[in-house]
Amino acid sequence: MIQHQPQQQRFCLHLDGEEAVLDYQLKGSQINFTHTYVPDALRGRGIAEQLVRAGLAWAREQQYQIEASCWYVDKFLRKEPSA
């Protein structure tokens, strides 16, 4: 289950003793997704996509202007702009 940890400005998922994360930074009404990390043991399961979808859904709910300095989030937004 994906957890939002607003104090650390990240979304995370703990699975099989590993931790995958999506980090972000807030500046006023803007959110910048800065980093996505999925450990090797968890790759290939769509976890990064799950994290990004959760982060984007939350950001849109909060009506933030979305930016992505993380290449994965940027690629995801280009592929699925309404996701």
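Reading the values: the criteria
- Residues numbered from 1 in each chain as written.
- Predicted model: local features only at pLDDT ≥ 70, side-chain atom pairs only at ≥ 80, totals over all residues.
- Heavy atoms only, no water.
- Pairing = 2+ DSSP bridges.
- Helix = DSSP H or I, 4+ residues; strand = E, 2+ residues; numbered from the N terminus.
- Axes fitted to C-alpha atoms, helices over the stretch in contact; angles between N-to-C directions.
- Contact = heavy atoms within 4.5 Å.

Draft legend 1. Focus on the sheet that holds strand 2 (residues 10-15). Taking strand neighbours across the sheet as the criterion, the five strands line up as 1-2-3-4-5 in an open arrangement whose pairing is mixed. The open sheet terminates on both sides in strands that have one partner only, identified here as strand 1 (2-5) and strand 5 (65-68). The mean angle between the axes of side-by-side strands here comes to 25°, regardless of whether they run parallel or antiparallel. Pairing between strand 1 and strand 2: four bridges, direction antiparallel. Across the sheet, the residue bridging to H4 is F11, located in strand 2. In this fold helix 1 (residues 47-61) packs onto strand 1, strand 2, strand 3 (18-27), strand 4 (30-37) and strand 5, with an angle of close to 145° to the strand it touches most, strand 2. On top of the sheet, helix 2 (residues 71-79) reaches strand 3, strand 4 and strand 5; it is set at about 125° to strand 5, its chief contact.

The analysis is restricted to geometry; functional conclusions fall outside its scope.
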